[in-house]
Amino acid sequence: MKWETVSSENLLGQISEENNGRNTARDRLIHNLLSWHKHWALNGVVVQCQNCNAIQEADGDDLAFKHVADCSVSQNTQHPWRELAMLLRDLPSVSGYAE
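Everything quoted here is computed from the prediction, not taken from an experiment.

J.: Sorry if this is basic, but what is going on with the sheet that holds strand 2 (residues 46-49) here?
T.: Paired through their backbone hydrogen bonds, the strands of a sheet run either parallel or antiparallel. Taken together, three strands build an open sheet; the order of strands is 1-2-3 and the sheet is antiparallel. Looking along the sheet, the strands with just one partner apiece sit at the ends: strand 1 (40-43) and strand 3 (55-57). If you compare each strand with its neighbour and ignore which way they point, the axes differ by 20 degrees on average. Relative to strand 2, strand 1 runs antiparallel, the two being bridged by four bridges. Each residue of the ladder has a partner; that of Ala41, found in strand 2, is Gln48. Strand contacts of helix 2 (residues 25-39): strand 1 and strand 2, with the helix running at about 95 degrees to strand 1, the strand carrying the most contacts.

What counts and what doesn't
- Residues numbered from 1 in each chain as written.
- Predicted model: local features only at pLDDT ≥ 70, side-chain atom pairs only at ≥ 80, totals over all residues.
- Heavy atoms only, no water.
- Pairing = 2+ DSSP bridges.
- Helix = DSSP H or I, 4+ residues; strand = E, 2+ residues; numbered from the N terminus.
- Axes fitted to C-alpha atoms, helices over the stretch in contact; angles between N-to-C directions.
- Contact = heavy atoms within 4.5 Å.

Structure below.
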């Protein structure tokens, strides 16, 4: 399967057009996830900084992320797993899913 790369700005513009400019909860969730992804990549149980390529496994979520010394992202965020968890709490429930 080939994935098409779409910029965050283009995707947000498309979503806004589909919703006639309304700022829905779905739009905010997508915007926040795309903003998170500007700094982080998720690969299985590993988060990687998009700037310095440092990684952290999921079981280190209680520790501050250790960036490379001169990484510009290190000033913005220190707990990518916590941020992602907070964003994912806003996902709508899936019908037919039983816990």
